[in-house]
Each structure stands twice: as structure tokens, then as C-alpha cells.
Amino acid sequence: MLRWKPWWSVLTVLLMLWGGVPAHAASGDSPPCPLLPTTTLTAWPEVRTASCSPPTTVTAGVVHQSARWSTSEGPLQANVLTVDLSNPNVRVGVAEAHDHLLQGPETLSAMADRTGAVAGINGDDFAITGSGKPVGMVAIDGSLWQSPLSGIAVLGVTASGKMVIAPESFSGTVMAEQSSYPLGAVNRLKAWPSTAVTLFTPALGAPVTFSSPATVAFLVPDPTQAGRYTVSLVEPRLSQLETLHTHAVLAAPMSSPASQWMQAHLHPGDPVQIQERLDPGPSLVSAIGGGPIILQDGHWVNLPSTIAAKAAPDALNPLTAVGVDQSGTKAFFVVFDGRQPALSVGATYRQAAEYLKSLGAYSAMLFDGGGSSEMVVRQPGDQQVTVVNSPSDGKERPVANGLFVYSTHQTPGMVNQLVVNHDQPVTLLQGTAVPISAYLLDQWDNPLSDLITFAVAPPDLATPRGHQLIAGKPGSGRLWAEVTNTPFPAETWIPLQVVSHLAALSLTPPVTTLSPGQSVTFSVYGIAEDGSHVPLPASAITWHLQPSALGTITPSGVFTAGSGVGWATISASAGGATAVARVAVGTVSAVVDLLTDPAHPWVLHAVGASGQLTLDTAQPPDPTAKGSLALQYQIASGPGVKQLVLYPKDTVDQISASPAGWGPEAVSAWVYGDGSGLWMAAAFVDGAGHSLVLYPTYVTFTGWHQVEIPIPPGTPLPLQLQYLDFLVINPAQPLQGTLELGPLEALYPPPPPNTG
């Protein structure tokens, strides 16, 4: 319990150390664990286990939780933000990378910290290899930065704070000299209709080159009235527009009707009125593009018209999605991790839609996915955000914009919570120095940056040094925290115990498998005689590795696999206790299909493409190979999924457990790539009869490459290989080339030493 200290109280250290009661965090209202209601989610795979983290209040009205499932398709992890838009402390807004449309992408955490957000997710698709400009609509603080594309999904926040999801259309009017003309777009570089003018603003942040010379009118905005301008200059023939800082610009292609209207009605000194209209959302204060819409009126929908070309909707991928309840006052931000077989395989569009509906969403849409999928959250007591999901790139990918949550209370409020060690007792091992978390929150659960001091009773139990405790004499007592430099000083305490030895150690993961060069970080904590957890600094742990030829272990517990094959035994010792973990290094292989056996032929089924399969003498770097299978193909351009599906004609290849009882970690295929960028897929049926479609790579490489198709841990055996697929979505131009395929092999952990 937090204890208030009146300004007149004078406490000696001795009195402070032996009074008071333990602290407990205020629980408040929190949503239930977002576990999967398997009876209603028909598109989900079989769920074997489910768990979630405790709910954490980010700021008043915003709660974060993570959820994990073990499914028949593999592990799945999601992070969920529940946002109460009716809470006056909550504001949802949009931030653009570097605060401009054309200054390149920026990491989500940088945008959040720069704008003071408490949480956020990545936003719209963008030109990842070019300007970094977002695809869809952008509106920030009531100003339209980029007009929407017709039919593309938009998430908007109204002036009343409600959230809406719908495609938006734009129209506008330019009025001058008692004449008017249609406004076709705002800051759209490729929107260049001859029957409308385009408005460019300083939101661009960089020079632009017109696709053809243009008539350009420079406008000075009226600071007293939005939409009103004065013409300062008219240029009849301009090919490039320099960076705009204070002026806006109207432009139209030369010799077009729009250009003719501009030259007839816009002159230096003339007043101009510009009206912008959105339909159906004229009152949107903030807006961000994305899509597709996946939930409409409480039902799953597949609306390809609400987004430009994206990944196959039935593929498992990292996804970012937002759902809104029917009232528009409660939102759910969800990020599914993916492309990480040991952690999370990802979700399909329909799986995401059904999950959001189970949380209470009535409408929902996706944002940019894949390596862009990310969620940042400010942890209790922190001033800045932390990445809470696991981006598939292994790090933050700079993106075009983000959808963020803000606290409307920027000025710190009254002290409400003083939290030490998450309100949990602490047990330390004698002689160790361990950091102790402590933070101060106001009545809106926002952090306060006041100085927290510590004291210990009895004093010889531990010595505070900043936010670190140095454990001294074994025994029991209390750790006190005190804040005095606020208008409402406060104090609290938690039980403190120091032990001379440990009853046991916990070492995780206990068993893992690594390929040469891969690493795993082991987590270690002590267990006292009474069962309490004991944090251990790296300096207190001694590591041993056998055999040493299989890898290396650092003092901080990072094991890196060497080039050998076998089982490594890793032990950690501290406080008189030892724990052991085992790592399978490398793999052993078993041939599934050579692909070149005339008695076991493969055939080709092409969709939107044509090709032929032939046996070839090209030899992959594999001792089991007897030539390869050549796939010559031609793929037509145009919308839709174009596929080259290869499957065994007469028999079904089966993959069982190894003699030691291990399931396969992966199925490998030797592929001679042509750099075409085709997307490779492999389809299986597992031992429980479930379909398993995996997407291991894009063929961006040339030459022989051993493609590994990771099999989700716990997949029921035997596996039946159905087909291999090389596909492309909406190719802009025809593709042709040749791929060579070598043996398919199942990769297993090496047999344990006692099995030979």
C-alpha cells in the first residue's frame, strides 16, 4: 500500500525502517486474458495449449497483454493493446516518418518517442525501395497530408474520438475570381489528371519532379482561416518543385483544361479558397491508410479492392491489424509475429479477422505486415517505449508511419503508485549485486521522474547503491523506498531476504537445437530453500561446456554453435547449485525424394503460367544427388496469383520420426535459383490430417542454394508431402526462366550419445 507523507512529518531512518505495510499495485479494471475461444474460430488450426501474460496498464484506458498458442501449424504469438477511446485520458493519432511524406522511413520507436506516444503499431504500406512514401491516406491533427486512393481502406479518428474503418473517397474545389475548378488530389505525385488540379503542401518535405511540365501557382496560406490562400506567383512551365516550407502549390499538366483554367483565373495577389471533402468521413481528425478490410459488420470479408497487391491472404505471415467495436469507442491493436518457426509462424487474414472478432471487434483492417509488423509499448515507469513483439527481420524495420496512442495529460499529476520490484518480495544470494526496479506513477498511470531513494532494515542485510542492492549478511528484513521531492511525498516497502546458498538453479531453455553459427541465450535464476526465485548477475554464474568442439559459451550465457554435429552439454553453477541444458548442434539428413527417379515421376500444374519439367544432369552439391529436375517456365503478367505447382504423380512422400524418435526440424530442397523473386511454398498433410502450407523463401538468389523449410515443433507425424509451389502475385511484367531442383531431405537433430 502506498503511504502518503504529510509535509510536516519528520521520520528518522530507524522509524521508517520498522513501520508501514507492504505495497500492492492498484488493480483497476482489466480485460480478461485474450485466450482463443476455439469453438468459434473456424479458420484457426487446432489449438493445443494457450497462455497469456498478466494485463499491464500502459496509461489510463490502455492495457497491453501478450498471448501464445501451440497449434497444429506451429507456435503463434500475438501482442494485444486494448484501447478505451471513451476515456478522456486517451487520444489516438497518426505520426509520419520524420514528420514529412518524402524524407524516408523511420523506426516506430523513434516516431513514438519523438511524438510522446505511450504505445503504437506500424501503419500503411509504403515504397520500401524508393521514397518511403505511404500508399494511402494521411491526416494529422485535422490536416490532410495525403488524399486517399479511391476504394482503399482508411482508419480514421473522428472529432469526437471515435474510430471508423472504411474506404474513403476524396473530392475538392478550388475557387477564384467567382469561378471554381475540381481539386483532384493532395500531395499525390502520380495523380495527374488533366481535368483537375493537384494541391502540394509542405508536408512533402522534399523536392518533386513532375512527370511532365506543369502550370504551377504558389499560394501563401491565410493564418486566420483554413483553406484560404493568396496567390504569390504563377509559373506556366515548371518541371521540378523545390522543397516547400511555407507555401502551398496548385499544379496541373501544361496544355490541359486544368492548366488553362489556372492561367485564366489565378494571378498574383488573387484570393483563393480551397475546399477538401472526404466521403464518408468528413469529420476525420486523424487518418491512416492500409488494408484490406477483413471484418465488416461483424463478419469476415475478403475485399481485395480495399488494398493494393499484397501477400497471399491464406499464407501464414506476421500481421498488424486493428479492430473496433460496434460503438467505435473501443479498439484492439493486434500484432501477430511470424516467419519464426520456433517462436511464431504467423496468421492468415481470416485468422486475424476471427481473432479480432473474438476480442469484441465489429470491423477490422490490416496494415503493412511481414518485417514491418511491430508494436511498441511504454512499460510502467519508463519514459520511452519498448518493442514488445518479435519483428521477423530480427530488428525494427523503418516504416512510413504509425498509429499511436497518447495520454492527454502531458503535465504530471498527483502521485498514485510507488512500485518496487513489481510489488513482489525479493530474495538475493549473499555477495551478489542486483538491480532493483522502482518507479512512480501518477493518477493516470503515467510515469513521474522524481528521485527514489532506498533503505534496508536491518542495515547489514544489503547495501543500496542507486537502483542496485548489494546483498550482505543472510537473513530477512525489508527494502524501503521513499520519494520526498514531490508535493505528495510517499514511501513503501517489500519483504527482503538474503540467502547464503541456493537449493537449485533454473536454466532455460533445457533442450534446444541449433544450426552451425546460430546462437541461444540461456536464462538462469536461483531457487531458495523456500521456493522463492533469486535473481543472479552474470558475475555469480560459472559456465561449463562439453564437448568444447561443438561451440562456445560466453560469461553472459550466450551459446554459439560450431561447425560440428552432436549434442553439447551446458552447465551453470551458482550458490552451490548446478543446472544442465543440452543443445543439439547441426543436423543429420534422410532422403525424402531424389526428384530424378523415372519410376517416381513429378508433374507440373501451372496456373496463369506455362512450363515443362525435364530430368537434367546438372548436379547440386549433394552426395545423394543423381542429377536434378529442371523447371522451365513462362509467367504472364497481370492480376492474380500465378503458380507453378510440382507434385509427385503416383506416390506420396512420407516423413516419419528418426530412429531416435525425433521429429524433423526441417525439410530441405536444393534449388538452383535464377534470381526471379518467385515465392517458394511447400504443402504437407500432418499425422492428424491437417494441411500445413509453409513459405520458406523467395528465389532472389542465383546458383545452388539449400532451402530449409522449417517444420513447426510438435507437428504430428508422419508428414505427407503434397506439392512444391513457385508463385508470384500480380506480376507487373512477364517472367521466364529455369529453376533446377535437387534432392528433398528431412533434417533431424543428431542422435543422442546413448543411441549411437
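Visitor: So what exactly am I meant to see when it comes to the sheet that holds strand 10 (residues 153–158) here?
Guide: The strands making up a sheet associate through hydrogen bonds between their backbones, and the pairing can be parallel or antiparallel. Read across the sheet, 5 strands follow the order 9-8-19-10-11 without closing on themselves; strand pairing throughout is antiparallel. Looking along the sheet, the strands with just one partner apiece sit at the ends: strand 9 (143–146) and strand 11 (163–167). Shown here is a sheet whose adjacent strand axes are inclined to one another by a mean of 30°, direction ignored. Across 3 bridges, strand 8 (residues 138–140) lies against strand 9 in antiparallel orientation. Each residue of the ladder has a partner; that of V138, found in strand 9, is Q146.

Visitor: Can you walk me through the pairing of strand 59 (residues 735–748) in this structure?
Guide: It is a general feature of regular strands that their side chains alternate between the two faces of the sheet. Burial analysis of strand 59 places 11 of its 14 residues in the buried class, which makes it a mostly covered element. Here strand 48 (residues 588–593) pairs with strand 59 via 5 bridges, running antiparallel. Paired with A590 across the bridge in strand 59 is A746. Judged from the 7 bridges that link them, strand 51 (residues 628–635) and strand 59 form a sheet pairing that is antiparallel. Within the sheet, the bridge partner assigned to Q632 lies in strand 59 and is T738.

Visitor: Which parts of the structure should I look at to understand the nonpolar core?
Guide: Among soluble globular proteins, nonpolar side chains are generally buried collectively. One finds V83, V92, M163, L241, F333 and L403 to be the most contacted residues of the largest nonpolar core, which totals 49 residues. Among the elements that take part in this core, strand 15 (residues 208–221) stands out by supplying 5 residues, more than any other. In this view, V92 contacts V83, L85, V157, M163, S286, F333, L403, F404 and V405; residues no more than four positions away in its chain are not counted.

Visitor: Honestly, the sheet that holds strand 28 (residues 415–420) in this entry has me stumped. Any pointers?
Guide: Pairing in this open sheet of 3 strands is antiparallel, and the strands run 28-31-32 from one edge to the other. In this open sheet, the two strands that pair with only one neighbour each are strand 28 and strand 32 (447–448). Of the strand pairs in this sheet, strand 31 (residues 438–442) and strand 32 are connected by 2 bridges, and their pairing is antiparallel. Paired with L440 across the bridge in strand 32 is L448.

Visitor: What is the right way to read the pairing of strand 17 (residues 248–253) from this model?
Guide: For strand 17, a buried count of 6 out of 6 residues is recorded, marking the element as mostly surrounded by other parts of the structure. Alternating residues of strand 17 divide into A248, L250 and A252 and V249, A251 and P253, and every residue in both groups is buried. As paired strands, strand 15 and strand 17 are joined by 6 bridges and run antiparallel to one another. In the sheet register, L219 faces strand 17, and the bridge partner there is A248.

Rules used in this analysis
The written sequence of each chain sets the order in which its residues are numbered from 1. Local features are withheld for residues below a pLDDT of 70 in this predicted model, meaning they are given only at 70 or higher, and side-chain atom pairs are given and counted only at 80 or more; totals for whole chains, interfaces and linings count all residues. Only hydrogens and water are set aside; all other atoms, that is, all heavy atoms of the structure, feed into the side-chain values. Criterion used throughout: strands pair if DSSP finds at least two bridges between them. Every helix listed is a DSSP run of H or I at least four residues long, and every strand listed is a run of E at least two residues long, numbered separately from the N terminus. Angular values range over 0 to 180 degrees, each being the angle between N-to-C directions of two axes fitted as lines to C-alpha atoms, with helices fitted over their stretch in contact. Residue burial is assigned from relative accessible area. The probe radius is 1.4 Å, only protein chains are included, and a residue is buried under 20% of its type maximum, exposed over 50%, and partly exposed in between. Residues belong to one nonpolar core when they are buried, are Ala, Val, Leu, Ile, Met, Phe, Trp, Tyr or Cys, and are joined through side-chain atoms within 4.5 Å. Contacts between residues were defined by any pair of non-hydrogen atoms, one from each residue, lying within 4.5 Å.

These values are about where atoms sit, not about what they do.
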